[in-house]
Amino acid sequence: MRMQSAMAHAVAEIERTTGHHIDLDDPRQVPLDDVFAFKLIQESQTLGLFQLESPGQQDLLSRLQPRNPQDVIADISLFRPGPVAGGMPERYIAARHGGTPSYAHPDLEPVLADTYGVTIWHEQILETLSVMTGCDRALAEVARRALGDKGRLPRIKDWFHRQARARGYSETVREQVWKNIEAFGAYGFYRAHAVAFAVPALQSAWLKAHYPAFLLAGLLEHDPGMWPKRVLVSDARRRGVPILPVDINCSKAKHTVEKADGDQWGVRLALSEVHGISEDECARIEEGQPYGSLSDFWQRARPSRPVAERLAEIGALDSLHDGRLTRRDLLLQIAELHRASRTRSAGKGQLPLDTDAVGGAEPSGLPEMTGREALSAELSTLGIDVSRHLMEHHHRLLREIGATDAAHLAGLRAGQQVLVAGVRASTQTPPIASGRRIIFVTLEDGAGLVDLAFFEDSHPACAHTVFHSGLLLVRGTVQVRGTRRTVVGTMAWDLDEIAAARRDRGPEAALALLGADHPHPTPAQPQRTLANGTTGARLHPYADLQPAGSRSADLKKFGHRSPVSAG
């Protein structure tokens with residue numbers, strides 16, 4: 001439902017801004033076999049697409065290389081516990097790309113020919129049971145439903161073998177067919193179900209291919225998928241979609257699309273994205289637009305002080321002055337307005353202040369927030385790094401240590417050793433048939449997504465860091481599957497710790513940490529001096545000491561975590 005709402009929001013924004021009405025269910029307007037949509041799917045560029053966006057699906061799509069809606073229907077059906085447990089995806093992909101389909105018995109070819117000899121849908125289970133046992137569809141459905149009941153399963157198995165033996169099928173054929181039925185029957189679904197999923201998947205792919213800004217606005221508004229919003233924003237930015245910050249005179253309560261530089265459509269972030277803001281505050285702010293000054297905004301919009309301060313910290317109030325004021329100036333003025341409104345209430349409790357002309361207030365001399373402080377405010381207030389990707393602060397360090405980004409990882413060969421880094425966007429520990437515990441992690445580094453796999457032998461060295469750090473640096477070996485690369489991790493570090501070592505003691509300290517089996521203890525007396533960017537004065541080595549967690553936003557909360565593999 002949320003995906004349908006996201007697409008409806010996208011279509012409504014298209015009509016509002018361009019006047020074009022798009023009916024997603026009209027194949028003349030939105031063909032389900034659109035070549036540009038399928039190019040995205042084949043390249044696994046599926047973030048934000050219904051049912052196709054998870055790391056597991058991206059891996060499957062890269063190997064399957066769907067060419068038509070039928071392939072997408074099959075893909076969605078194959079990405080289920082039953083078919084995966086039975087090894088169906090590998091068999092289907094091999095046959096789809098020219099391999100010879102195999103059938104347990106020639107009698108099953110009419111049942112499975114459309115899917116290259118692979119059982120994908122419940123209908124095929126019913127047909128297989130009917131062919132092998134001679135029962136009708138009704139009894140076959142009763143038997144299929146019993147496959148999920150461990151208490152009834154032995155009786156169903158005995159019935160199947162008894163009836164199939166009576167019809168002349170050998171033990172080898174019976175065992176092979178039963179293995180597929182048992183693994184698949186309780187966890188698959190009907191073809192109609194897969195079609196119902198494939199249609200919105202292909203519609204969302206069409207929107208991403210032709211109207212990426214509008215789809216992003218819908219995704220941000222309704223948040224239908226597994227990925228954090230900052231990952232969707234980063235993906236859209238790579239595709240050339242401008243991300244317009246929250247602006248008190250431009251943003252609405254909902255995410256909207258507007259012209260950015262030139263003729264490009266950009267997404268204007270919504271007021272509702274601000275942490276702690278209420279629906280009433282959003283409505284008052286939108287109703288009162290535009291505002292001429294901070295005091296005008298304070299008097300007419302009547303925001304709470306925390307909301308006003310958050311708006312100032314992320315630059316949403318920058319249009320209220322002529323550029324001479326810093327964000328710290330605005331925070332100081334908000335404090336003064338709040339103090340005055342508490343001591344000299346009038347009317348409904350608001351101070352009747354004269355609205356200053358734009359730029360009328362004088363600067364206090366407070367320095368502007370640093371880029372790192374501004375970025376931390378965006379992450380804390382919006383959960384999205386708007387002004388720049390947060391990995392940009394580490395580009396110099398990553399060049400020094402020889403790390404590879406997602407864009408260049410695609411060109412590496414299997415078996416190569418590599419260092420990768422990024423924001424942890426997804427962490428999953430799905431059940432594996434072998435019983436081993438594997439940690440699957442996806443990093444987002446600004447250039448794309450990096451898939452990681454940590455096997456059990458690496459867990460003593462890596463698991464704690466992987467689960468407790470928002471920024472990761474990982475050493476591992478490249479593994480190639482389809483068109484995608486996965487890094488099999490052997491060591492992991494908290495990137496913030498490596499960056500702090502480089503800042504305090506130089507590049508050699510960072511390289512030393514990477515060469516060690518475990519992090520070195522922090523020296524009691526770091527040999528460093530801090531330069532005050534405003535006055536040029538030298539500060540005490542501990543002058544920038546802050547409470548734990550206050551230096552930057554908590555990145556761990558911006559990633560998807562699941563004990564299973566999300567579809």
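Use the structure listed above.
A few points on the structure. For clarity, every value in this text was computed on a predicted model and none was experimentally measured.

**Notes on the sheet that holds strand β2 (residues 256–259)**
Stage number 1. Pairing is mixed in the open sheet, where 3 strands are placed in the order β1-β3-β2. Edge positions in the open sheet fall to β1 (243–244) and β2, since each of these has one partner strand only.
Stage number 2. The sheet contact formed by β1 and strand β3 (residues 265–268) spans 2 bridges and is parallel. By the bridge assignment for β3, I243 is matched with V267.
Stage number 3. Where helix α1 (residues 2–18) meets the sheet, it contacts β2 and β3, and its direction lies at approximately 35 degrees from that of β2.

**Let's talk about empty space enclosed by the protein**
Stage number 1. This structure, assessed with the given rule, holds 2 cavities of 30 Å³ or more.
Stage number 2. In this structure, the largest cavity spans a volume of roughly 120 Å³.
Stage number 3. Around the largest cavity, the lining is made up of 14 residues, and of these L108, L112, T119, V177 and N180 lie nearest the centre.
Stage number 4. Listing elements by their share of the lining of the largest cavity, those giving two or more residues are α8 (122–133) and α11 (171–184).
Stage number 5. Ranked by residues supplied to the lining of the largest cavity, first place goes to α11 with 4 residues.
Stage number 6. Size it by volume and the second largest cavity reaches roughly 80 Å³.
Stage number 7. Lining the second largest cavity, in full, are L47, K208, P212, L215, L216, L219, L232, D235, A236 and R239.
Stage number 8. Broken down by secondary-structure element, the contributors of at least two residues to the lining of the second largest cavity are α13 (212–222) and α14 (229–238).

**Remarks on the packing of aromatic side chains**
Stage number 1. Under the counting rule described, the total for this entry stands at 8 aromatic pairs.
Stage number 2. Taken together, the aromatic side chains of W206, Y211, F214 and W265 make up a single cluster linked through ring pairs.
Stage number 3. The ring centre of W121 lies 5.1 Å from the NZ or CZ of R191, which sits over that ring.
Stage number 4. Between the NZ or CZ atom of K259 and the centre of the ring of W265, over which it lies, the distance is 4.6 Å.

**Topic: the side chain of H255**
Stage number 1. By secondary structure assignment, the location of H255 is in the loop between β1 and β2.
Stage number 2. You can call H255 buried: its relative accessible area is 1%.
Stage number 3. Excluding residues that lie within four positions of it along the chain, H255 makes contacts with H9, E13, A217, L220, E221, R268, L269, A270 and E273.

Here is what the cut-offs are and how they apply
- Residues numbered from 1 in each chain as written.
- Predicted model: local features only at pLDDT ≥ 70, side-chain atom pairs only at ≥ 80, totals over all residues.
- Heavy atoms only, no water.
- Pairing = 2+ DSSP bridges.
- Helix = DSSP H or I, 4+ residues; strand = E, 2+ residues; numbered from the N terminus.
- Contact = heavy atoms within 4.5 Å.
- Axes fitted to C-alpha atoms, helices over the stretch in contact; angles between N-to-C directions.
- 1 Å grid on protein atoms, 1.4 Å probe; cavity = no way out; pocket = protein on both sides within 12 Å on 5 of 7 lines; lining within 4 Å.
- Points joined across faces, edges and corners; volume = space filled by probe spheres on them.
- Phe/Tyr/Trp six-rings, centres within 6.5 Å; stacked < 30°, edge-to-face > 60°.
- Lys NZ or Arg CZ within 6 Å of the ring centre and 35° of its normal.
- Buried < 20%, exposed > 50% of the residue type's maximum accessible area, 1.4 Å probe, protein only.

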